[in-house]
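# Structural overview for review
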Amino acid sequence: MTLKLAVLPGDGIGPEVTRQAVRVLRAVTEGKLELQVEELPIGGNAVKKFGAPLPDETLQKCLASDAVFLGAVGGPEFDSLPRAQKPETGLLAIRKALGGFANLRPAVAYGALAACSPLRPEVLRGADILFVRELLGGAYFGEPRGFAQRDGVETGFNNMVYSVPEIERVAHVAFQVARGRRKKVTSIDKANVLEVSQLWRRVVIEVAKQYPDVTLEHQLVDSAAMRLVTAPASFDVVVTENLFGDILSDEAAALTGSLGMLPSATVGGKINFYEPIHGSAPDIAGKGIANPLGAIATAAMILRYTANCEQEARSIEQAILAVLDSGCRTADLKRAANERLVSTEEMGRLVLEAIDKAKSRPTHA
Ligand code: IPM
Ligand code: MN
């Protein structure tokens, strides 16, 4: 079997971290999958070279691939560009074109990284959340949007819009993934104020009837934001709209200790889209110190959700844990003096070595 993977390294630390992830992907799939990787431009560097944040060739080649893997886009030098040229516009356009609407963002509190989180260990214990963030609707895509003069004053506006089918389809994904976990879905909205949330809640309740084995609860986004850091272990699967999911999933990075740890997979469309949730981190780009583990964990999700290689996916995830247990840390994770500071490249190599070591050790797991 071949896996045609379009890799969009993007801006900032994107190229550094995707390089390590692809390296790990190649190693674990050797002899099992023929991995065909093509690197394509997106984001700020694509604007510089081709005048567009999503060049047509990139789009066409992504549409002809089995999966798309993005590093990160954006940076301060592009912030003042008009909307059509913003790196983020390219990202939203590729998300839309690929069609995946359910962005799965796991956030797990690893024991080895407990010292990296500002939360107390007893609060963190057992925290293992899977966010299902709706990715193609809400304020990110709602029309009308823009700037206007209203009564002589300059005004900016967006619209948080959801239709019943858009809510139904993402709710189904949440209930289905919950069945493979602890069978609990928390739907997060702002139904005490927003009509769009009232519809959201009504539709989620309706969909839940098809999953009587899964417990459904509702939380308002403000109190959910608080519970995420006071009782994170009380969540299993969280389903929420685009903007709430954007905000809450970054907040959940506090559980793992670093934004650099979190992977994501976007499913439900024609072609799955994979991206670590950290941004382009322009302040540390090009220094070789970025944490590649979010990108490497994203590679595991490619194997799980596109290539159907669950065992290889797990071998990557277990190797990440083994490397952390051995005390190796990129700069964002290093706290104690006895931890060994490693570079982006070394971290990639250590994960590879841990995979090899696990292979040569016979296990019955
Ligand atoms: C994310 C990012 C993006 C988003 C930006 C870069 C457009 O913050 O993936 O969480 O808001 O979706
Ligand atoms: Mn975000």
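Residues numbered from 1 in each chain as written. Chains lettered and ligands numbered in written order. Predicted model: local features only at pLDDT ≥ 70, side-chain atom pairs only at ≥ 80, totals over all residues. Heavy atoms only, no water.

## Some details on the pairing of strand 4 (residues 102-108)
Each regular strand shows side chains that alternate between the opposite faces of the sheet. Our working rule: A simple rule labels every residue: compare its accessible area, found with a 1.4 Å probe on the protein chains alone, to the largest value its type can have, and call it buried under 20%, exposed over 50%, or partly exposed in between. Elements are defined by DSSP. Helices are runs of H or I of four residues or more, strands are runs of E of two residues or more, and each kind is numbered from the N terminus. Any two strands are treated as partners once DSSP identifies two or more bridges connecting them.
Counted residue by residue, strand 4 has six buried out of seven residues, so it is predominantly covered. Sheet analysis places strand 4 next to strand 5 (residues 128-134), joined by seven bridges and oriented antiparallel. Counted as the bridge partner of Ala-107 is Ile-129 from strand 5. Here strand 4 runs beside strand 11 (residues 265-267); their pairing, made up of three bridges, is antiparallel. Residue pairing across strands places Asn-103 opposite Thr-266, the latter belonging to strand 11.

## Some points on the sheet that holds strand 4
In plain terms, the rule: Every axis corresponds to a line fitted to the C-alpha atoms, with the helix fit spanning only the stretch in contact, and the corresponding angles, defined between N-to-C directions, vary from 0 to 180 degrees.
Taken together, the ten strands give an open sheet; going across it, the order is 2-1-3-12-11-4-5-10-8-9, and neighbouring strands pair in mixed fashion. For this open sheet the edge positions go to strand 2 (34-39) and strand 9 (215-220), each flanked by a neighbour on one side alone. Direction aside, neighbouring strands of the sheet carry axes that sit 25° apart on average. Pairing between strand 11 and strand 12 (residues 272-274): two bridges, direction antiparallel.

## Some remarks on the nonpolar core
How we decide: Only buried residues count toward a nonpolar core. Its members are Ala, Val, Leu, Ile, Met, Phe, Trp, Tyr and Cys residues joined through side-chain atoms within 4.5 Å. Each domain's limits were defined by an automated method or a database of domain assignments.
Counting residues in hydrophobic clusters, the biggest one holds 97 residues, and the most contacted among them are Phe-69, Val-132, Phe-175, Leu-293, Leu-303 and Ile-316. Of all the elements, helix 10 (residues 293-305) adds the most residues to this core, at nine residues. When residues of this core are assigned to domains, at least three map to each of domain 1 (1-106 + 257-365) and domain 2 (118-255).

## Focus: the side chain of Thr-186
Test applied: Working rule for contacts: check all heavy atoms of both residues, and any pair within 4.5 Å makes them a contact.
Structurally, Thr-186 is set in strand 8 (residues 184-189). For Thr-186, the residues in contact, after removing those within four places along its chain, are Glu-217, Gln-219, Phe-235, Val-237, Val-238 and Val-239.

## Comments concerning the pattern of salt bridges
Counted only if it meets this: What makes a salt bridge here is a side-chain nitrogen of Lys or Arg within 4 Å of a carboxyl oxygen of Asp or Glu, nothing more.
In the structure shown here, the tally under the stated rule is 23 salt bridges. Notably, a salt bridge pairs Asp-128 with Arg-181, separated by 3.3 Å at the nearest N-O pair. Within this pair, whereas Asp-128 is found in strand 5, its partner Arg-181 is found in the loop between helix 6 (164-179) and strand 8, the two being separated by 53 residues in sequence. For Asp-128, a relative accessible area of 26% gives the class partly exposed. Residue class for Arg-181 comes out partly exposed when judged on its relative accessible area of 26%. Across the pair Asp-189 and Arg-201 runs a salt bridge, and its minimum N-O distance is 2.8 Å. Taken together, the residues span a long stretch of sequence, with Asp-189 in strand 8 and Arg-201 in helix 7 (residues 195-208) at a distance of twelve residues. Taking the relative accessible area as the measure of exposure, Asp-189 reaches 1% and is therefore buried. Ionic contacts of the salt-bridge type, sharing partners, join the residues Asp-128, Arg-181, Arg-182 and Asp-236 into one network.

## Description of the site of ligand 1
Note the threshold: Nearness is judged by heavy atoms alone; a residue qualifies as near a molecule or strand once a single heavy atom is within 4 Å of it. Polar contact criterion, stated in full: a pair of N or O atoms within 3.5 Å, where within protein one must be able to donate a hydrogen and the other to accept it, and residues adjacent in sequence count only if both atoms are side-chain atoms. Here the Shrake-Rupley method, with its probe set to 1.4 Å, supplies the accessible areas, and only the displayed protein chains count as covering residues. Note on residue classes: Ala, Val, Leu, Ile, Met, Phe, Trp, Tyr, Cys and Pro are nonpolar, Asp, Glu, Lys and Arg are charged, and everything else, Gly too, is polar.
Surrounding ligand 1, one finds Glu-88, Leu-91, Arg-95, Arg-105, Arg-133, Tyr-140 and Asp-246. Between ligand 1 and the protein, one listed contact pairs an oxygen atom with a side-chain N or O atom of Arg-105 at 2.8 Å. Between ligand 1 and the protein, one listed contact pairs an oxygen atom with a side-chain N or O atom of Tyr-140 at 2.6 Å. Protein chains bury 78% of the 320 Å² of accessible surface belonging to ligand 1 in isolation. Element by element, the count of residues in the shell around ligand 1 is highest for helix 4 (residues 87-98), at three residues. Among the residues making up the shell around ligand 1, the classes are represented as two nonpolar, no polar and five charged. For the shell around ligand 1, the domains that each give at least three residues are domain 1 (1-106 + 257-365) and domain 2 (118-255).

## Things to note about the domain arrangement of the protein chain
How big an interface is tends to be stated in terms of accessible area lost as the parts join. This is how the line gets drawn: Each of two parts loses accessible area, computed with a 1.4 Å probe, when they are put together; buried area is these two losses added.
Per the domain assignment, the segments of the protein chain are domain 1 (1-106 + 257-365) and domain 2 (118-255). Taken together, the contact pairs 18 residues of domain 1 with 20 residues of domain 2. Taken together, the two surfaces of domain 1 and domain 2 that pack against each other cover about 1800 Å², and 65% of this comes from carbon and sulfur. Scanning the region where domain 1 abuts domain 2 turns up zero salt bridges. Along the contact surface separating domain 1 from domain 2 lie five residue pairs in polar contact (both at pLDDT 80 or more). Taken together, the elements giving at least two residues each to the side of domain 1 that touches domain 2 come down to helix 4 and strand 4.

## Focus: the pairing of strand 10 (residues 237-240)
Side chains Val-237 and Val-239 of strand 10 all project onto a buried face; the interleaved residues Val-238 and Thr-240 project onto the opposite face, where all are buried too. Relative to strand 10, strand 5 runs parallel, the two being bridged by four bridges. Each bridged residue has a counterpart across the sheet, and for Phe-131 the counterpart in strand 10 is Val-238.

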